[in-house]
Amino acid sequence: MKKRLALLLILCLCLGLLCGCDDPVIGPGPGSESQSPAAQSPTSAPAAADTSPKGAAISLNGDSASFSGGGVSVSGSTVTIASPGEYSVSGTLTDGCIVVNTGEVKGDVTLTLRGADITNLSGSAIRVDQVKNFILVLENGSRNRLVSGREGDADDGVKRDGAVLFSEDDVDILGEGSLEILGYLNNGITCKDDLDIQGGELTVSAVNNGVRGSESVEISGGTLTVVAGNDGVKATSALKEGKGFVSVSGGTLNITAGGDGMSAATDLTIIDGEISITTTGADDAASSKGAKAKGVLSVTGGHVVIDAEDHALHSSANLLVVGGTLELGSRSGKGLSANDTMEIRGGSLAIRSGDDGIHAENLLTIYDGELNVLAGADGLKAGTRASGTGTLDIRGGSIHVSAFGDAIDAKSGAAIYGGSFVGVGTAKTPQGFSGQSSQRALLFTLSGGANTSAQVVSDASGEVVGSVEARCGYTYVIYSTESLTGGSYRLVLGTLSASAQA
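The rules behind the values
Residues numbered from 1 in each chain as written. Predicted model: local features only at pLDDT ≥ 70, side-chain atom pairs only at ≥ 80, totals over all residues. Heavy atoms only, no water. Salt bridge = Lys/Arg side-chain N within 4 Å of Asp/Glu carboxyl O. Helix = DSSP H or I, 4+ residues; strand = E, 2+ residues; numbered from the N terminus. Buried < 20%, exposed > 50% of the residue type's maximum accessible area, 1.4 Å probe, protein only. Core = buried A, V, L, I, M, F, W, Y, C linked by side-chain atoms within 4.5 Å. Phe/Tyr/Trp six-rings, centres within 6.5 Å; stacked < 30°, edge-to-face > 60°. Lys NZ or Arg CZ within 6 Å of the ring centre and 35° of its normal. Contact = heavy atoms within 4.5 Å. Pairing = 2+ DSSP bridges. Axes fitted to C-alpha atoms, helices over the stretch in contact; angles between N-to-C directions. pLDDT = per-residue confidence, 0-100.

Visitor: How should the pattern of salt bridges be read in this particular structure?
Guide: Note on pairing: side chains with opposite charge can pair once their charged atoms come close. For the coordinates displayed, the defined rule picks out 16 salt bridges. Across the pair Lys243 and Asp194 runs a salt bridge, and its minimum N-O distance is 2.9 Å. One end of the pair, Lys243, is in the loop between strand 20 (233–235) and strand 21 (245–248); the other, Asp194, is in strand 15 (residues 194–197), with 49 residues separating them in the sequence. The exposure class of Lys243 is partly exposed, given its relative accessible area of 22%. Across the pair Glu309 and Arg331 runs a salt bridge whose closest N-O atoms are separated by 3.0 Å. With a gap of 22 residues between them, Glu309 in the loop between strand 28 (303–308) and strand 29 (313–315) and Arg331 in the loop between strand 31 (325–330) and strand 32 (336–338) connect regions that are remote in the sequence. What makes Arg331 partly exposed here is its relative accessible area of 36%. Within the structure, one salt-bridge network assembled from shared partners comprises Asp307, Glu309 and Arg331.

Here it is, written out as structure tokens:
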């Protein structure tokens, strides 16, 4: 009996040991996805640890490179990343490139620059051929540089391809390091998909476009400085619905461009951020606007400073200003222009233009905001000579206009329903507000000089009810506030005066 019991115990122990062991299994290769436990068969063994090349390190050594970890190959001075995963790069490459191509394995590649200096004399320093998303991280405190070509390459007149950073797929740029991009062959950054700049200190100099995202460019953080021979920041393709836009929602943006500062194939949106744009019209650029959109151009916040050769802000469709601080200058064009309608609902706008200050070809409506306009032609304009139609409606806000042409030029008429308006101009036959207005207005005929101040006086009481600050010479004044009542008023400028009836 005792022998049988001992034998039974030994048998149970062996069975227990067998049940606790499985056959060993080899885990997935780089870029593969391991099966979740729920997807494994009841008899399959646990998957081995993920062997994808997380943290694989690439070291650049002049004309060659070495690496630790998987997913990387080196041929001469070309480094190829072929598997999804996380990688880092440091060191100097004098004439070569990093190529990212995961082939049929569509996954994300994250590349962290940790003090990398990459030059390609004949093409892109980083070229992304095929991934799901390419994420470029600038390590905190690191200084990095990417270069295509040699200084002076563009002077020989040969057209070359090779954006410094080129990608066929989505690109995200983030981190707290710095990256200098020098494009002596063509563009600085070209992304054939969506480009999203979230952080970092980026300096881009390029003989052609500075930053180009075919389907979209979004800037939400960091500091981006662009010096471009052509356009500064642009989105070019409207083939897909909802694409072709440029959006700035944060960060600091400084652009100097021979062409347009910012350009969108569809909508351009400024939500927040510190934005400074200078356009030079270099090489007789076909367009040298501060910011332009073929769709809706909207500004809802931020601080925008523009010194443009052409129009400061332009929409081929509709333009909307809701908020923000705008300091807009145009040497030969218009301050704000829209080929359809324009609405100003708030914000602080200081406009100096060589042509019209604010121009909408259809309807211009001002609901609120502080506007100060110095225009080389007309101040507020609605319509064109060809169309013969265009309406100006003022429903609020504080508006001051000094114009070398007409203070108001609205082909279908102008009306005021609220707010305040003070305008000076030089037209032989000045246009005032129409009888449709619900707010009284005064039209004085009086000549004055630039940088002079005249007083509006109520004849009934002799009280000064307002003033007119002129920034250019003028022959007439339009004055309207909500406090005006019926009766006669005088405009007094030194020893000169003129009367008008409200």
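Visitor: Got a minute to help me understand the nonpolar core in this structure?
Guide: For soluble globular proteins, nonpolar side chains are generally found buried alongside one another. Counting residues in each nonpolar core, the largest one holds 99 residues, and the members touching the most others are Phe134 and Met262. The next biggest cluster of nonpolar side chains, apart from the first, holds 20 residues, and it includes Ala454, Val468, Leu484 and Tyr489.

Visitor: Any chance you could explain the packing of aromatic side chains here in plain terms?
Guide: What describes a pair of aromatic rings is the distance from one ring centre to the other and the angle between the planes of the rings. Applying the stated rule across the entire model yields one aromatic pair. Each ring, one from Phe421 and one from Phe433, has its centre 5.4 Å from the other, and the planes form 85°; the classification is edge-to-face. Placement of Phe421 in strand 41 (residues 420–425) and of Phe433 in the loop between strand 41 and strand 42 (442–448) is noted, with a sequence separation of 12 residues between them. Lying over the aromatic face of Tyr417, Arg395 brings its terminal NZ or CZ to 4.2 Å of the ring centre.

Visitor: Sorry, what's going on with the side chain of Thr102 here?
Guide: The topology assignment puts Thr102 in the loop between strand 6 (97–101) and strand 7 (109–120). On the accessibility criterion, Thr102 (4% relative accessible area) is buried. Not counting the four nearest positions on each side in its chain, Thr102 is found in contact with Ile81, Ala82, Ser83, Pro84, Gly107, Val109, Gln130 and Val131.

Visitor: I tried to follow the pairing of strand 22 (residues 252–257) on my own but got confused; where do I start?
Guide: What you see with strand 22 is a clean split: Leu253, Ile255 and Ala257 sit on the buried side and Thr252, Asn254 and Thr256 on the side with no burial. Where strand 19 (residues 223–228) lies against strand 22, six bridges are found, and the strand directions are parallel. Residue pairing for strand 22: Val226 is matched across the bridge by Ile255. With six bridges connecting them, strand 22 and strand 25 (residues 274–279) associate as parallel partners. Across the sheet, the residue bridging to Thr256 is Thr278, located in strand 25.

Visitor: Just checking my understanding: could you explain the sheet that holds strand 44 (residues 464–470) for this structure?
Guide: Sheet strands associate in pairs through backbone hydrogen bonding, adopting either a parallel or an antiparallel arrangement. Spatially, the four strands line up as an open sheet ordered 44-43-46-47, and their pairing is antiparallel. The sheet is open, and its two borders are formed by strand 44 and strand 47 (496–501), each paired with just one other strand. When strand polarity is set aside, the average angle formed by the axes of neighbouring strands in this sheet is 25°. Bridge count between strand 46 (residues 488–493) and strand 47: six bridges; the pairing is antiparallel. Opposite Arg490, over in strand 47, you have Ser499 as the bridge partner.

Visitor: Is there a simple way to think about the pairing of strand 2 (residues 65–68) in this case?
Guide: Looking along a regular strand, one sees side chains alternate from face to face of the sheet. As defined by bridge partners, strand 1 (residues 56–62) adjoins strand 2 across four bridges and the pair is classed as antiparallel. Looking at the pairing, Ala57 lines up with Ser68 of strand 2. The hairpin formed by strand 1 and strand 2 contains two residues between the paired strands.

Visitor: Got a minute to help me understand the confidence of the model for the protein chain in this structure?
Guide: As a note on interpretation, predicted positions should not be read in detail where pLDDT is low. When the pLDDT values of the protein chain are averaged, the result is 89; 88% of them are 70 or greater. In this model residues 1–53 is a low-confidence stretch, pLDDT under 50, and it forms 30 contacts with partners more than four residues away in sequence or in other chains.

Visitor: What should I look at first to understand the side chain of Asp310 in this one?
Guide: Along the chain, Asp310 turns up in the loop between strand 28 and strand 29. Since its relative accessible area comes to 19%, Asp310 is described here as buried. What Asp310 contacts, discounting residues up to four positions off in sequence, is Thr279, Ser287, Ser288, Lys289, Ser330, Ser332, Gly333 and Lys334.

Visitor: When you look at the environment of Glu86 in this model, what are you seeing that I'm missing?
Guide: Assignment of secondary structure puts Glu86 in strand 5 (residues 85–93). The exposure class of Glu86 is partly exposed, given its relative accessible area of 42%. Residues Glu86 and Asp108 lie 22 residues apart in sequence; the distance between their C-alpha atoms is 8.4 Å.

Visitor: Just to check I follow, could you spell out the environment of Ile416 for this structure?
Guide: Considering the arrangement of structural elements, one finds Ile416 in strand 40 (residues 413–416). In this structure Ile416 comes out as buried when scored by relative accessible area, which is 0%. For the pair Ile416 and Asp393, spaced 23 residues apart in the sequence, the C-alpha separation amounts to 5.9 Å. When near neighbours in sequence (up to four residues on either side) are disregarded, Ile416 contacts Ile394, Phe421, Phe433, Ser437, Ser438, Gln439 and Ser480.

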